[in-house]
Amino acid sequence: MRALAWHGKHDVRVDTVDDPEIVNPRDCIIKVTATAICGSDLHLYDGYIPTMQAGDILGHEFMGEVVEVGAKSTLKKGQKVVVPFTIACGSCYHCGKHQYSACDNGLPADNQDVAQELYGHPMAGLFGYSHMTGGYAGGQAEYVRVPFSDVGPIVIPDGVDDEKVLFLSDILPTGWMAAENAQIEPGDTVAVWGCGPVGLFAVQSAFLMGAERVIAIDHFPHRLELAKKFGAETINYEESAVYEALMVMTGGIGPDAVIDSVGLEAHGFFVDNVLDQIKASTFLGTDRAHSIRQAIIACRKGGRVSMPAVYGGFIDKFPLGALMEKGLTLKTGQTHVQHYMPALLNAIMEGKIDTTFLISHRMDLEDAPKGYDMFKNNQNEVTKVVLKPGFN
Amino acid sequence: MHDTKPHGDDAPPSTWKKRDAFAESGIPDGKGGSLVARAVTINRPVSEVFAYFRDFTNLPTFMENVERIDILDNKRSHWVVKAPAGKTVEWDAVVIEEASDRLIAWASEPGADVANSGQVEFRDAGARGTVVTATIAYDPPAGIVGKLIAKMFQREPAIQARRDLRRFKQLMETGEIATAAMNRKQHEEELA
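Residues numbered from 1 in each chain as written. Chains lettered and ligands numbered in written order. Predicted model: local features only at pLDDT ≥ 70, side-chain atom pairs only at ≥ 80, totals over all residues. Heavy atoms only, no water.

Some words on the packing of aromatic side chains
Residues and elements named next belong to chain B. Taken as a whole and judged by the stated rule, the model has 13 aromatic pairs over all chains. Each ring, one from F50 and one from F122, has its centre 5.1 Å from the other, and the planes form 75°; the classification is edge-to-face. Of the two residues, F50 is situated in helix α2 (residues 46–54) and F122 in strand β6 (residues 116–124); the sequence distance between them amounts to 72 residues. Look at F53 and F62: their rings are 6.2 Å apart centre to centre, the planes differ by 45°, and that puts the pair in the tilted class. We note that F53, like F62, is buried. (Phe/Tyr/Trp six-rings, centres within 6.5 Å; stacked < 30°, edge-to-face > 60°. Helix = DSSP H or I, 4+ residues; strand = E, 2+ residues; numbered from the N terminus. Buried < 20%, exposed > 50% of the residue type's maximum accessible area, 1.4 Å probe, protein only.)

Okay, structure coming up:
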């Protein structure tokens, strides 16, 4: 089959590789019909994520048609499914509590050591995202082996356009969980840092959960326009002082809840910022940590901080005092995709959530390297690249 | 396991910083001077977890370096374990203590290539399933035997025990052992 493989920094190629097969009884094989490039894929592209190997197949936002099933899969050939980016077993204690991204069994045993050492516990597996998240081949390919297919993929009704449901795989549930973690109450004002795909879905989700006002913060004009389209007020941090603007806009109270979705595009585990303090201070330690600092400082007393943005290691100058003294609640975590998929599929079908607005570019899988280059170099206009095998 | 605590806390002997933990570990007929303990909670009933483990012919399915276990009689078994260059190390192990759904303790018999002993405890954890705690004593090896044991335990026994217990948990909870292999050929190469 053809698949987008990582070969090194800024070097991704569409290669011909062996087709995947059923290996374990709960597996299925899907023929990919649509797959997206995620902002976090750019960190692989930029060479920031350790434990990558040349030839690794990328992609964790994908969907397709079931073409083969293992003996214990509950899927049927011909079904159209969207696959969660988190690989979770459905059988362990955490899956039982719907904490799917904390699944005990999603990672091969040998791949659990890094997270065990770094975080104290291994987490769920991820598709196409380095060997410390399992080394699973990803979805920017013609075919994918999907483990635990009886609990992961969600079946899509016939006749629904791929583009409407593709983002159930990651960014829509991630934006929704970000808003849920903000514990929004009717009448709340919610501030969202970052208007990437997750931030934009968090804006929509916050309104659906009863927020009266949402204030979106970014510096890309096109992305702020999209937030405005969904009813958000906006702050361009290159043109205005964020804390001061928020204080005036909220009558000196501050937002009731704040959501940091900057750097959210990164699902990665930035071990390099643990191992390399210099890189940490220049890459993760300044800009990215800045948004969480600013969010905590701006949040009203007794308010809620939701942090879908991914942080992998340690950050300097974390305002722990403000968190404590103001009595804030902080909720965070990788997305429990499987938990949110059914309700969000319904919301899409009922027209409550708009997903397709995000897609700026559609390309053939063969053109994926061009897609990476465009996405990296023009984030204002390129909001989402969807790849389709056989599109041309 | 032992009545007196040398320093008054409840931490397991394998985690003690100062004392010679092994002497206090309570492992019957211990072999060797190093001690490692790992615990895992398995979301299945204790009777099921114990029964699977007690059938020693099942162990090679999740202990990746164990090639084969031959049952000699109800207490004794012959272990064949992978070593470098396609070689193997072997020993006879004898069950020296056993309590149904609670405990299995073993020790290698004289003449073992790698002397070892240990115990696996099973504890009903109610809604959480079963807590399985493996405690292994072994001789920190040197020279050629050191190389064998390094291969046998990949890096060190603590890591190997942890990985084997993870695989045991995966098998009991999900019915399979997680792998990123894309196809059966890759999977076979991983297992080889």
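Some details on the state of the cysteines
Residues and elements named next belong to chain A. In total, this model carries zero disulfides over all chains according to the counting rule given. Free of any disulfide, C195 has its nearest neighbouring cysteine sulfur in C38, separated by 16 Å. With relative accessibility at 1%, the residue C195 sits in the buried group. Of all cysteine sulfurs in the structure, the one in C195 sits closest to C299, which takes part in no disulfide; the separation is 18 Å. Owing to a relative accessible area of 2%, C299 belongs among the buried residues under this scheme. (Disulfide = S-S within 2.5 Å.)

What to know about the interface of chain B and chain A
Many analyses report the size of an interface as the accessible area lost when the parts associate. Between chain B and chain A, the contact holds 25 residues from the first and 33 residues from the second. Of the roughly 2500 Å² buried between chain B and chain A, counting both surfaces, carbon and sulfur atoms make up 44%. For the chain B face of the interface with chain A, the top three residues by lost area are B:R166, B:E176 and B:M182, together amounting to 26%. Where chain B meets chain A, there are eight salt bridges. Measuring nitrogen to oxygen at the nearest pair gives 3.3 Å for the salt bridge that ties B:R162 to A:D113. At the surface where chain B touches chain A, the tally comes to 23 residue pairs in polar contact (both at pLDDT 80 or more). Counting only elements with at least two residues in the side of chain B that touches chain A, the list comes to α4 (157–174) and α5 (184–191) of chain B. Considering each element in turn, the side of chain B that touches chain A owes the most residues, nine residues, to α4(B). When the residues that make up the side of chain B that touches chain A are grouped by side-chain class, the tally is six nonpolar, seven polar and twelve charged. (Contact = heavy atoms within 4.5 Å. Buried area = accessible area lost by both parts, 1.4 Å probe. Salt bridge = Lys/Arg side-chain N within 4 Å of Asp/Glu carboxyl O. Polar contact = N/O pair within 3.5 Å; in protein donor to acceptor, adjacent residues only side chain to side chain. Nonpolar A, V, L, I, M, F, W, Y, C, P; charged D, E, K, R; others polar.)

Remarks on the pattern of salt bridges
Using the criterion set out here, one finds 32 salt bridges over all chains in the structure. Notably, a salt bridge pairs A:D256 with A:R300, separated by 2.6 Å at the nearest N-O pair. Of the two residues, A:D256 is situated in the loop between α8 (242–249) and β14 (257–260) and A:R300 in the loop between α10 (277–298) and β15 (304–307); the sequence distance between them amounts to 44 residues. Side by side, A:D256 and A:R300 carry an identical accessibility label, which is buried. For B:R44, the salt bridge is made with B:E48, and the minimal N-O distance between the two is 3.1 Å. According to the relative accessible area criterion, B:R44 is partly exposed, its value standing at 31%. Looking at B:E48, the relative accessible area reads 31%, which means it is partly exposed. One network of salt bridges, with partners in common, ties together A:D110, A:D113, A:E117, B:E64, B:R162, B:R163, B:D164, B:R166 and B:R167.

Regarding the sheet that holds strand β1 (residues 2–8) of chain A
Residue and element names in this part refer to chain A. The strand order across the open sheet formed by three strands is β2-β1-β4, and the pairing between neighbours is antiparallel. The strands lining the two open edges of the sheet, one partner per strand, are β2 (11–16) and β4 (56–57). Where β1 meets β2, six bridges bridge the pair, whose relative direction is antiparallel. When the sheet's bridge partners are listed, A3 is paired in β2 with D15. Packed onto the sheet, helix α13 (residues 368–377) meets β1 and β2 and runs at close to 160° relative to β2. (Pairing = 2+ DSSP bridges. Axes fitted to C-alpha atoms, helices over the stretch in contact; angles between N-to-C directions.)

Examining α2(B)
Residues that lie three or four places apart on an α-helix share one face, since the helix turns once every 3.6 residues. What α2(B) keeps buried is the set B:V46, B:V49, B:F50, B:F53 and B:R54. Within α2(B), the buried residues cover an arc of 125° as seen down the axis, which keeps them to one side. (Arc of directions from axis to C-beta.)

Details of the nonpolar core
Membership of the largest hydrophobic core comes to 73 residues, with the highest contact counts inside it found for A:F167 and A:L168. It is helix α12 (residues 337–349) of chain A that provides the largest number of residues to this core, a total of seven residues. When neighbours within four sequence positions are excluded, A:F167 is seen to be in contact with A:A36, A:E61, A:L172, A:P173, A:F201, A:T355, A:L358, A:I359, A:K384 and A:V386. Core analysis: the second largest hydrophobic core is formed by 34 residues, B:V40, B:V49, B:I104 and B:V114 among them. (Core = buried A, V, L, I, M, F, W, Y, C linked by side-chain atoms within 4.5 Å.)

Brief notes about the packing of helix α6 (residues 197–208) of chain A against helix α7 (residues 221–229) of chain A
Residue and element names in this part refer to chain A. For the pair α6 and α7, the least separation of the axes is 9 Å and the interaxial angle reads 20°. As summarised for this structure, α6 and α7 are arranged roughly parallel, according to the angle between their axes. Handedness of the α6/α7 crossing: right-handed. Here P197, L200 and V203 of α6 come into contact with α7, specifically with R223, L226 and A227. Per-class residue counts for the contact of α6 with α7 are five nonpolar, no polar and one charged. (Parallel < 35°, antiparallel > 145°, perpendicular 65-115°, else oblique. Left-handed = near helix turned anticlockwise from the far one by under 90°.)

Let's talk about the side chain of A:T189
Residue and element names in this part refer to chain A. As for its position among the elements, T189 is in strand β11 (residues 189–193). Note on T189: relative accessible area 9%, which makes it buried. Setting aside its immediate chain neighbours within four residues, T189 contacts R213, I215, T250, P255, D256 and A257.

Quick notes on the pairing of strand β4 (residues 88–99) of chain B
All names here are of chain B. Here seven bridges tie strand β3 (residues 76–82) to β4, and the two strands are oriented antiparallel to one another. From the neighbouring strand, R76 faces β4, where its bridge partner is V94. Alignment of β4 against strand β5 (residues 103–108), held across six bridges, turns out to be antiparallel. Pairing of V94 across the sheet is with A107, part of β5.

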